[in-house]
Amino acid sequence: MKQRKQSFYNSIAGYLFVLPMLLTTMLLTIIPIFLSGIISFTDWNFITGLGNIHFIGFGNYEELFKDEHFWRAMTNNLTMILTVPFSMIIALVLAVLIDRMTYFKSFFKVIYFMPFISSFVAVSLLWRVLYHPTSGPINGFLKSIGIANPPLWLADPKYALIAVMIIMVWTGLGFNMILFIAGLQGIPKDLYEAADMDGASKFRQFMNITIPMLSPTIFFLLITGVIGSFKVFDLVMVLTEGGPAGSTSVIVHYLYEVAFVNLRSGYASAIGIVLLFSLIIVTVVQWFGQKKWVNY
């Protein structure tokens, strides 16, 4: 009887501890998503108030799938996914090098992690200076090595998205690297010692020991990186505002324009719901795919 009471009290205590997080998630995430789903079937403008909600069925979704601006933003977001493997590969190489260093490990960790914890607005303004077509250091360097007409970067529709993607790789490098270092330190050293005794080269050790043992970390960074690439907003807003000619427009920025510039709350909600389901599909595909290559 006493054990049952104690178990009951422990359960109550556990629920009380998680209650603040459950309430916060419910109020700030679940309920807004549910309400956004309802609003997506209306032509509501939030300025007119709740009394002017008119349901239009699937009208917003029908318009959305014919919207060239939406599909251009979606294409740009899909292109930005390429930053995830690039950032992870560079971060893994840096993590291996730093993990094997004897001195200055903490120094290099801090240096590479600084862009991730810095303000994205400050980072964006810094890179605007670096990318300046005429007086920027990047084009100044390119001219010094013989390139007479370097790219205009953020002012050129052909290079603007690439310029934004370079910044995304740079800012995410430190976070990926720190997690890779933590994963490397969790690999038992006797695995490498046994491989050395068997005559395995460093490359084979890396491919057959390091990569499989890091697969949970790789999977986590892959999912969070893909989701993060779909949520890009601040970089685009500060750097280009979706231009030039929509070449850097992304879904979240387009949603912002529709909701707060064009004042079409219903249509913006439809964009948000499509984005939500896109992320769910991507996550589910990765989740089932990881069973074939992730080693726990």
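Rules and cut-offs
- Residues numbered from 1 in each chain as written.
- Predicted model: local features only at pLDDT ≥ 70, side-chain atom pairs only at ≥ 80, totals over all residues.
- Heavy atoms only, no water.
- Helix = DSSP H or I, 4+ residues; strand = E, 2+ residues; numbered from the N terminus.
- Rg over C-alpha atoms; globule rule 2.2 N^0.38 Å.
- Buried < 20%, exposed > 50% of the residue type's maximum accessible area, 1.4 Å probe, protein only.
- Contact = heavy atoms within 4.5 Å.
- Areas by Shrake-Rupley, 256 points an atom, 1.4 Å probe, with all protein chains shown as cover.
- Lys, Arg positive; Asp, Glu negative; His and termini not counted.
- Charge placed at Lys NZ, Arg CZ, Asp CG, Glu CD.
- Salt bridge = Lys/Arg side-chain N within 4 Å of Asp/Glu carboxyl O.
- UniProt positions renumbered as here; feature names shortened; annotations may be inferred.
- Expected span 1.5 Å × (residues − 1).
- Bend = angle between axes of the 7 residues up to and from the residue.
- Phe/Tyr/Trp six-rings, centres within 6.5 Å; stacked < 30°, edge-to-face > 60°.
- Axes fitted to C-alpha atoms, helices over the stretch in contact; angles between N-to-C directions.
- Parallel < 35°, antiparallel > 145°, perpendicular 65-115°, else oblique.
- Left-handed = near helix turned anticlockwise from the far one by under 90°.
- Nonpolar A, V, L, I, M, F, W, Y, C, P; charged D, E, K, R; others polar.

Quick notes on the overall build of the chain
Counting secondary structure elements, the chain contains 14 helices and zero strands. Listed by position from the N terminus, the elements making up the chain come as α-α-α-α-α-α-α-α-α-α-α-α-α-α. A compact globule built from 296 residues would reach a C-alpha radius of gyration of about 19 Å, whereas the chain, at 24 Å, exceeds it by more than 25%. Counting only C-alpha atoms, the chain reaches 85 × 75 × 35 Å along its principal axes. Here the chain holds 296 residues, and the buried ones make up 36% of them. For the chain, the share of sequence-separated contacts (at least 6 apart) that also reach a separation of at least 24 residues comes to 67%. As displayed, the chain has an accessible area near 17,900 Å², and 71% of this comes from carbon and sulfur atoms. Charged side chains of the chain number 18 positive and 14 negative; the gap between the two group centres comes to 10 Å.

Things to note about the pattern of salt bridges
Taken as a whole and judged by the stated rule, the model has one salt bridge. With a shortest N-O distance of 2.9 Å, R264 and E63 are connected by a salt bridge. Taken together, the residues span a long stretch of sequence, with R264 in the loop between α13 (251–261) and α14 (265–289) and E63 in helix α2 (residues 59–64) at a distance of 201 residues. For R264, a relative accessible area of 33% translates into the label partly exposed. Using a relative accessible area of 34% as the deciding quantity, one classes E63 as partly exposed.

A look at unusual backbone geometry
The omega angle of the peptide bond from G243 to P244 is -5°, so this bond is cis rather than trans. Among the structural elements, P244 can be located in the loop between α12 (234–239) and α13. Positive phi is not limited to glycine here, since W153 has a value of about 55°. By the secondary structure assignment, W153 is in the loop between α7 (137–144) and α8 (160–185). On the accessibility criterion, W153 (11% relative accessible area) is buried. Although it is not a glycine, E241 adopts a positive phi angle of roughly 55°.

Things to note about the UniProt feature "transmembrane region" (unreviewed entry) in the chain
Following the UniProt record, the feature "transmembrane region" (unreviewed entry) maps to residues 12–35, 78–98, 110–130, 159–184, 205–230 and 267–288 here. Annotation note: span residues 159–184, helix share 96%, strand share 0%, distance between end C-alpha atoms 36 Å. Between the C-alpha atoms that bound residues 267–288 the distance is 32 Å, and the span itself is 100% helix and 0% strand.

Things to note about helix α5 (residues 105–117)
Under the 1.5 Å per step criterion, the end-to-end length of α5 is 18 Å for 13 residues, consistent within 8% with the ideal 18 Å. Along its length, α5 reaches its greatest deviation from straightness, about 25°, at I111, and the proline P115 lies no more than four positions downstream.

Quick notes on the packing of aromatic side chains
Following the criterion strictly, the structure yields 15 aromatic pairs and no others. Taken together, a centroid distance of 5.5 Å and an interplanar angle of 50° make the contact between F41 and Y61 tilted. Taken as a pair, F41 in the loop between α1 (2–39) and α2 and Y61 in helix α2 lie far apart in primary sequence, 20 residues in all. What makes F41 partly exposed here is its relative accessible area of 27%. With a centroid separation of 5.5 Å and 40° between ring planes, the pair formed by F113 and F116 is classed as tilted. With F113 and F116 both in helix α5 and three residues apart, the pair spans about one turn of that helix. By relative accessible area, which is 24% here, F113 ends up partly exposed.

Details of the packing of helix α6 (residues 120–130) against α8
Packed helix pairs are specified by the crossing angle of their axes together with the interaxial distance, meaning the distance between the axes. Between α6 and α8, the shortest axis-to-axis distance is 12 Å and the interhelical angle comes to 130°. Our classification of the angle between α6 and α8 gives oblique. Of the two elements, α6 crosses α8, and the hand of that crossing is right-handed. Within the contact between the two elements, α6 uses F120, V123 and W127 and α8 uses I166, I167, W170 and T171. Of the residues belonging to the contact of α6 with α8, the class tally is six nonpolar, one polar and no charged.

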